[in-house]
Amino acid sequence: MQSVEDIAQLPTSPSIPVPSSSNSSHPTIYPSVKKEFIPKIQQIFANLSEVERFYNDYARQAGFSTRANSSRTSKDGEITRKEFVCYKQGRNQPTTNPSCKRRRGIIRECCPAKLAVVKKREGFQVSLFVEGHNHVMTSPGRVHLLPSHRKVTAAQKSLTRQLGEANVPPCQKMRILELQCGGIENVGFTQRDLYNAERDRRNSIGGHDADMFYEYLKSEQENNSAFTFKIETDDENRLTHCFWADATCRKSYKYFGDVVVFDTTYNTNKYCMVLAPIVGVNHHGRTTVFGCALLSKETIETFEWFFREWLKAMPAGPPKLIITDQDPAMAKAIERTLPRTTHRLCIWHIMNKFPEKISGQGWLQYSDEFKKCIWNSETAVEFEARWVDLVQKSNLTNNQWLKDMYTIREKWIPAYTKHIFAAHMSSSQRVEGEHAFFKRFVSKENSLLDFVTMYDKALTHIRHNELELDHKDANEKPVLKTSWGMEKKMSQVYTRSVFYKFQEQIHQVLAYVATKMDENENFMLWKVEREEDQGSKSHQVAVEKASNCVSCNCNMFEFDGIPCRHMLAYFNAVQIKQLPDRYILPRWTVSAKASRVMDDLGAARGTEINDGSVILRRHELFHVFSEVVDHAVLTEDGTQIVKEALKLCKNKLCESPRPCEEGEFSAIHVPISLGGEPSVKEPLRVKAKGGGKRLKGGKEKAMEKGLRKCNFCNRKGQKHDKRNCPLRLVYKNIIAYVS
């Protein structure tokens, strides 16, 4: 019980003084706060939010944190009494979970400080205010660390979300906010709060991820009718497959869709759905994307569905060539859906399997001969003769894998495939390079909405690289190596990257001599060989007289679309000064994208595919706005002019109806209610073929074995162990000699 002296020492305030708690070693403490911040008995507030905000502001000035404690409701569910307390009110409950490793100190000390309000006709009235605390107040320099004074605002969530879409980690997000706010104490939250806000965001969309993904694709289609997508669900309405392609993908296919590469990759989203992009080569020799899919299975039926939807979306027919790995389901689906398309296997994958399928000693001894047989054989007859001889010489006639590879040699050996245009691609490494590029933006923690956002960011980077190369072609001229008119002309026709390949060929022409070998009424046959090396391998250039068509047995033009040095040597010999048009592929020229692309997907008459969308309009406005702000911030008058103009614009825009509400959790506004039942359910977690632990091949195991550390000499990377260590053998000999 308080004494008369204690009561006399209390300051005069509209509060109820309380004695110190027996559970605390500190006497009752009354914080020193300005009167306008101190709550008063019978003070009226319009609503509970105002009460909470006022008490929290008082607590910040005083040096403590607040929390909501208890409430009383009427029969109608309306709150009639609400109590807010100091965060040290109550007792800590001991944990009963023995597996919990988190160590938390004791926070609650039965602090009596509180504020209670009751519902009145005019609002909420303060009925009780206990000002005294039984603990020391927090110093002003640490107030920003108290729970109720830490909050990630909606604006900060939006900013950090945008920074996350640019792959900025949380630690760097905090540094950016520190600079923006003038110090870490002014940010308003800690880095842990940032992690928690992201966790809460993920939890808030739980169960609605697929629905939001669908709404995003739908909104993209509404913004640009050339955007197309298709979603498949199972019997439980769970998402199983999805394919989409925007206007740029479809236009690019019209220009460069003669050769495509298809491969799948994993670990790009939290459902482990398989990412399946299909890509090609643009006029700069760089990768361009023709569409993308997320698949839950890698079966024949799944791949058939993908290829059918992809062909429907593309404004041209099927490709002439497709390159994939040795997936049997993929091969069967291509056979059924793309019967007129040549299917080639990735030679890089097959070559990497040789060390695994052939004994280690055999591969070390005959690896160079196998490579020469595969890469240097110019004709099928030459390859078959060299292969049979090499297999017999290496005693591998009974190797079943080699037999299988020989059976399908038409799908991967260059001698069988180099007469088909492939845009200088012999493997699926290009699409695998794109997988590595995309994984710099996405991760296995992404939701579907996060994934498609980051995927679009990556796609934007790819397309901007193409834009930069277009800009260089328009403003820069390549350096010429000769005075030939043909070289100068092609420097203006080809893109720079393709011209440099052509320049390598034309630069070698003077080193070759073209000699007529044979001639009849239909054909001429010329032999082309290096002048200074008469023993080198010669090439044959055939000329059809009726059509004046020229071809070389090296098949570089057929495979790459660029005339070889042997053909150019023939043109030089017969005084053809300019490259004929038939040997200039439009896809390699600077004007490759000059033609219009018409689309008849879902329309009675064809319309041009264009890239107009809300995003582009936003970019245009942002560019103009940035220029205005840069000029305005230099002076006070300029700043005031822009402020007044923006207020006028805002008032006018507010009068017009808005198409959708702003979202809090993402920079992408998805008009969807998270409270209702989702129309498309989230997919189940997929166990993909490539989703498990990667198996190491024989070559990789051999390399690791070679890098093993010797237990005797401690040398790493030496191909020996303790049993045959050279140093140990010398040591043993010395011991034997001494003894």
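Every chain begins its residue count from 1, and numbering advances along the sequence as written. Given that the model is predicted, a residue must reach a pLDDT of at least 70 before its local features are reported, and side-chain atom pairs must reach 80 or more before they are shown or counted; all residues, however, enter totals for whole chains, interfaces and linings. Water and hydrogen atoms play no part in the side-chain values, which are based on all heavy atoms of the structure.

- An unreviewed UniProt entry annotates the chain as FHY3/FAR1 family protein originating from Dioscorea alata.

A look at the sheet that holds strand S11 (residues 321–324)
So, step 1. Two strands are said to pair when DSSP picks up at least two bridges between them. Every helix listed is a DSSP run of H or I at least four residues long, and every strand listed is a run of E at least two residues long, numbered separately from the N terminus. Strand order in the open sheet made by the seven strands is S6-S7-S10-S9-S8-S11-S12, with mixed pairing throughout. Strands at the two margins of the open sheet, each flanked by one partner only, are strand S6 (228–233) and strand S12 (342–345). The mean angle between the axes of side-by-side strands here comes to 20°, regardless of whether they run parallel or antiparallel.
So, step 2. Bridge count between strand S9 (residues 274–281) and strand S10 (residues 287–295): eight bridges; the pairing is antiparallel. Its bridge partner being in S10, glycine 280 is matched across the sheet by threonine 288.
So, step 3. Contacting S6, strand S7 (239–245), strand S8 (259–262), S9 and S10, helix H7 (residues 247–256) crosses the sheet at an angle of about 125° to S10. Axis geometry follows a simple rule: fit a line to the C-alpha atoms, using only the stretch in contact for helices, then measure angles between N-to-C directions, giving values from 0 to 180 degrees. Contacts between residues were defined by any pair of non-hydrogen atoms, one from each residue, lying within 4.5 Å.

Some points on the pattern of salt bridges
So, step 1. We define a salt bridge as a side-chain nitrogen of Lys or Arg found within 4 Å of a carboxyl oxygen belonging to Asp or Glu. Counted according to the given criterion, the structure contains 21 salt bridges.
So, step 2. For lysine 312, the salt bridge goes to glutamate 309, with nearest N and O atoms at 3.4 Å. Here the residue lysine 312 and the residue glutamate 309 both occupy positions in helix H8 (residues 300–313), the gap between them amounting to three residues, near one helical turn.
So, step 3. Given a relative accessible area of 53%, lysine 312 falls into the exposed group.
So, step 4. The salt bridge partner of glutamate 384 is arginine 409, with a shortest N-O separation of 3.4 Å. With a 1.4 Å probe rolled over the protein chains alone, any residue whose accessible area is under 20% of its type maximum counts as buried; one over 50% counts as exposed, and the rest are partly exposed.

What about the sheet that holds strand S16 (residues 549–552)?
So, step 1. As summarised here, the arrangement of the four strands in space is S13-S14-S15-S16, forming an open sheet in which the pairing is antiparallel. Only two strands of the sheet have a single partner each, and these edge strands are strand S13 (512–519) and S16. Pairwise comparison of adjacent strand axes, ignoring direction, gives a mean angle of 25° for this sheet.
So, step 2. As paired strands, strand S15 (residues 539–544) and S16 are joined by four bridges and run antiparallel to one another. By the bridge assignment for S16, glutamate 544 is matched with cysteine 549.
So, step 3. Docked against the sheet, helix H20 (residues 565–573) engages S13, strand S14 (523–530), S15 and S16, running at close to 80° with respect to S13.

Describing the environment of threonine 324
So, step 1. Inspection of the secondary structure assignment puts threonine 324 in strand S11.
So, step 2. Distance in space between the C-alpha atoms of threonine 324 and histidine 349 is 9.7 Å, their sequence separation being 25 residues.
So, step 3. Residue contacts for threonine 324: discarding those within four places in its chain leaves Phe262, Met330, Ile334, His343, Arg344, Leu345 and Cys346.
So, step 4. We call two N or O atoms a polar contact when they sit within 3.5 Å, provided that within protein one can donate a hydrogen and the other can accept it, with sequence-adjacent residues counted only if both atoms are side-chain atoms. Within the structure, the side chain of threonine 324 is placed 2.6 Å from the side chain of histidine 343, a separation counted as a polar contact.

Digging into the pairing of S8
The two faces of a sheet get side chains in turn, since along a regular strand they alternate between them.
So, step 1. The side-chain alternation of S8 yields two buried faces, one formed by Val259 and Val261 and the other by Val260 and Phe262.
So, step 2. Here three bridges tie S8 to S11, and the two strands are oriented parallel to one another. The residue bridging valine 261 from the neighbouring strand is isoleucine 323, located in S11.
So, step 3. Pairing geometry for S8 and S9, over two bridges, is antiparallel. Bridge pairing in S9 places phenylalanine 262 opposite isoleucine 278.

Quick word on the packing of aromatic side chains
So, step 1. Aromatic pairs are defined between Phe, Tyr and Trp rings, using the six-membered ring for Trp, whenever the two ring centres lie within 6.5 Å; interplanar angles under 30 degrees are classed as stacked, those over 60 as edge-to-face, and all others as tilted. All told, the structure shown has 34 aromatic pairs when counted by the stated rule.
So, step 2. Judged by centre distance (6.0 Å) and plane angle (70°), the rings of tyrosine 214 and phenylalanine 229 are edge-to-face. Here phenylalanine 229 lies in strand S6 and tyrosine 214 lies in helix H6 (residues 209–223), a separation of 15 residues in the sequence.
So, step 3. These aromatic residues form a ring-pair network of at least three members: Phe354, Phe370, Phe383, Trp387, Trp401, Tyr406 and Tyr416.
So, step 4. In this analysis the charged atom, NZ for Lys or CZ for Arg, is taken to sit over a ring once it is within 6 Å of the ring centre and within 35 degrees of the ring normal. Positioned above the aromatic ring of tyrosine 406 is the side chain of arginine 409, whose terminal nitrogen or guanidinium carbon lies 4.1 Å from the ring centre.

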